[in-house]
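# Architecture and fold: a report
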Amino acid sequence: WAGAGAGGGGGWRVGLGGEGWMGAVAVSPGGKRLAVSGSEGLSVRSREDGALGLAVPGEGRYCASLTFSPDGKKLATGMADSTVLIWNLAKLKLR
């Protein structure tokens, strides 16, 4: 993870390490969080410092799409088997 955009300008670089792959990426309203799904699972990180707020190993492997609710309190994950999971981020007390 490299928050090149945190100080204004530039972009984000998200590294999975190893031989991993990314399936989907979503930015929260206001740009404070970044959600990533891939071979290593589902994660939600802080835009400012890359701090991990949520990690669900393995859950991202079949996640085809991600989107935050307009208020940024929930994350919907669209799975390859047509299941949609809604994650209540407010209850998970993310940083």
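Details of the structure are given in the entry above.
This report concerns the structure included in the present document. Predicted model only: the values in this text are computed from it and were never measured. (Residues numbered from 1 in each chain as written. Predicted model: local features only at pLDDT ≥ 70, side-chain atom pairs only at ≥ 80, totals over all residues. Heavy atoms only, no water.)

## Here we look at the pairing of strand E1 (residues 22-27)
Taken together, the five bridges between E1 and strand E2 (residues 33-38) define a ladder with antiparallel strand orientation. Pairing of Val25 across the sheet is with Val36, part of E2. As consecutive antiparallel partners, E1 and E2 are separated by five residues, and within that stretch Gly30 has a phi angle of approximately 85 degrees, a positive value. (Pairing = 2+ DSSP bridges. Helix = DSSP H or I, 4+ residues; strand = E, 2+ residues; numbered from the N terminus.)

## Comments concerning the nonpolar core
Counting 14 residues, the largest nonpolar core has Ala35, Leu66, Phe68 and Leu75 as its most contacted members. Elements with a minimum of two residues in this core: E1, strand E3 (41-46), strand E4 (52-56), strand E5 (63-68) and strand E6 (74-79). When residues of this core are assigned to their parent elements, the largest contribution, three residues, is made by E5. Sequence-distant contacts of Leu75, that is, excluding residues within four places in its chain, are made with Ala35, Leu42, Val44, Leu66, Thr67, Phe68, Leu85, Ile86, Trp87 and Leu89. (Core = buried A, V, L, I, M, F, W, Y, C linked by side-chain atoms within 4.5 Å. Buried < 20%, exposed > 50% of the residue type's maximum accessible area, 1.4 Å probe, protein only. Contact = heavy atoms within 4.5 Å.)

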